[in-house]
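# Architecture and fold: a report
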Number of protein chains: 2
Amino acid sequence: MQPGTPDHEWREDCSPRRVLAIFSSKWTSMVLHALDTRLGGCARTGVLLRSLPGISKKMLTQTLREMETAGLLTRHVHGTVPPAVEYTLTPLGRRFVEPIELLYGWARENEDALDALRSGARR
Amino acid sequence: MQPGTPDHEWREDCSPRRVLAIFSSKWTSMVLHALDTRLGGCARTGVLLRSLPGISKKMLTQTLREMETAGLLTRHVHGTVPPAVEYTLTPLGRRFVEPIELLYGWARENEDALDALRSGARR
DNA sequence: CTGTATCCTAGGAGATACTG
DNA sequence: CAGTATCTCCTAGGATACAG
């Protein structure tokens, strides 16, 4: 590429940058992954909560809400008591499993590289 | 997988979660990508600045410093005036280009999925 | 050309306790 | 069981101006 060539229009709203938004949320990609790969595309709140060590109830519901409005999953409330709520991946949501698996897969196969990273004592 | 099986030790410090750290920083992956794919592994500050529309001088140097201490790149100052500083990818840094390309590549090939995302009017 | 020093803000994230 | 309501903290990220 010649110097000065603007290349693929590396704008602020290009697709690479937009996909990063998914991963900038601490839990979104993990919820997607847990739902698809480990829970068969559909699960109740409690199961999700237990599938993601460290997540709080608040962050889980918050994340799920955002994902719902984003169109990544649907929420279904069973009118029972006690309440049972099921979250199901949409076809769109399922599409985003691929890049996540790509990334997680790479991570699992390259733990040594991740270990080699020096965390750099914060400031 | 049987219900209750703890599976791949999905702990808080598992590799998938650690690789997410790279992408949780707004600019790190883009610097890595620009440096490797567009600038041949080595570039001066000004070039990087112009290669990443929207980044500020402050965020660039901050990101570069973190990446340096992480071992992803090296910084070389030419004792000239005006100063010239070159950032070069380390072998370790180069290893992280792969997952980034994987992700960005997927994004470019799936713009339609990204477009389908409803941003959900912030609360 | 590079880099630093301030100052400032939005909002991500967690802890806790409560309601139906 | 699922979800909400507060509070609080913190720090990434950005704007701006200055300095070698």
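Residues numbered from 1 in each chain as written. Chains lettered and ligands numbered in written order. Predicted model: local features only at pLDDT ≥ 70, side-chain atom pairs only at ≥ 80, totals over all residues. Heavy atoms only, no water.

## Here's the deal with the sheet that holds strand E2 (residues 73-78) of chain A
Residue and element names in this part refer to chain A. Spatial ordering of the open sheet is given by E1-E3-E2, a layout of 3 strands whose pairing is antiparallel. Only two strands of the sheet have a single neighbouring strand rather than two, namely strand E1 (42-44) and E2. Across this sheet, the average inter-strand angle for adjacent strands is 25°, counted without regard to direction. The pairing of E1 with strand E3 (residues 84-89) spans 3 bridges and is antiparallel. Bridging across to E3, arginine 44 finds its partner in glutamate 86. Helix H4 (residues 57-70) rests against E2 and E3 of the sheet, and its axis sits at about 115° to E2. (Pairing = 2+ DSSP bridges. Helix = DSSP H or I, 4+ residues; strand = E, 2+ residues; numbered from the N terminus. Axes fitted to C-alpha atoms, helices over the stretch in contact; angles between N-to-C directions. Contact = heavy atoms within 4.5 Å.)

## A closer look at the protein's contact with DNA strand C
What surrounds DNA strand C is a group of 17 residues, the closest being A:Lys26, A:Lys58, B:Arg44, B:Lys57 and B:Arg75. Across the atoms of DNA strand C situated within 4 Å of the protein, the share located in sugar and phosphate is 62%. Between DNA strand C and A:Trp27 there is a distance of 3.3 Å, counted from a phosphate oxygen to a side-chain nitrogen or oxygen. Within the contact set of DNA strand C, a phosphate oxygen lies 3.1 Å away from a side-chain nitrogen or oxygen of B:Thr45. Mapped by element, the contributors of at least two residues to the surface near DNA strand C are H4 of chain A together with helix H3 (45-51), helix H4 (57-70) and strand E3 (84-89) of chain B. (Near = heavy atom within 4 Å. Polar contact = N/O pair within 3.5 Å; in protein donor to acceptor, adjacent residues only side chain to side chain.)

## Examining unusual backbone geometry
A:Pro82 follows A:Val81 through a cis peptide bond whose omega is 5°. Looking at the secondary structure, you find A:Pro82 in the loop between E2 and E3.

## Let's talk about helix H2 (residues 28-38) of chain B
All names here are of chain B. Buried residues dominate H2, accounting for 9 of its 11 residues. Residues of H2 that are buried: Thr28, Ser29, Met30, Val31, Leu32, His33, Ala34, Leu35 and Arg38. Looking one or two residues beyond H2, the residue adopting positive phi is glycine 40, at roughly 70°. (Buried < 20%, exposed > 50% of the residue type's maximum accessible area, 1.4 Å probe, protein only.)

## Let's talk about the interface of chain A and chain B
Listed by partner, the interface residues are 48 residues for chain A and 47 residues for chain B. When the two sides are added together, the surface that chain A and chain B hide from each other amounts to roughly 4500 Å², 64% of it contributed by carbon and sulfur. The interface formed by chain A and chain B holds 14 residue pairs in polar contact (both at pLDDT 80 or more) in total. Every element with two or more residues in the side of chain A that touches chain B is listed here: helix H1 (15-24), helix H2 (28-38), H4, helix H5 (91-95), helix H6 (97-109) and helix H7 (111-116) of chain A. By residue class, the composition of the side of chain A that touches chain B is 24 nonpolar, 10 polar and 14 charged. (Buried area = accessible area lost by both parts, 1.4 Å probe. Nonpolar A, V, L, I, M, F, W, Y, C, P; charged D, E, K, R; others polar.)

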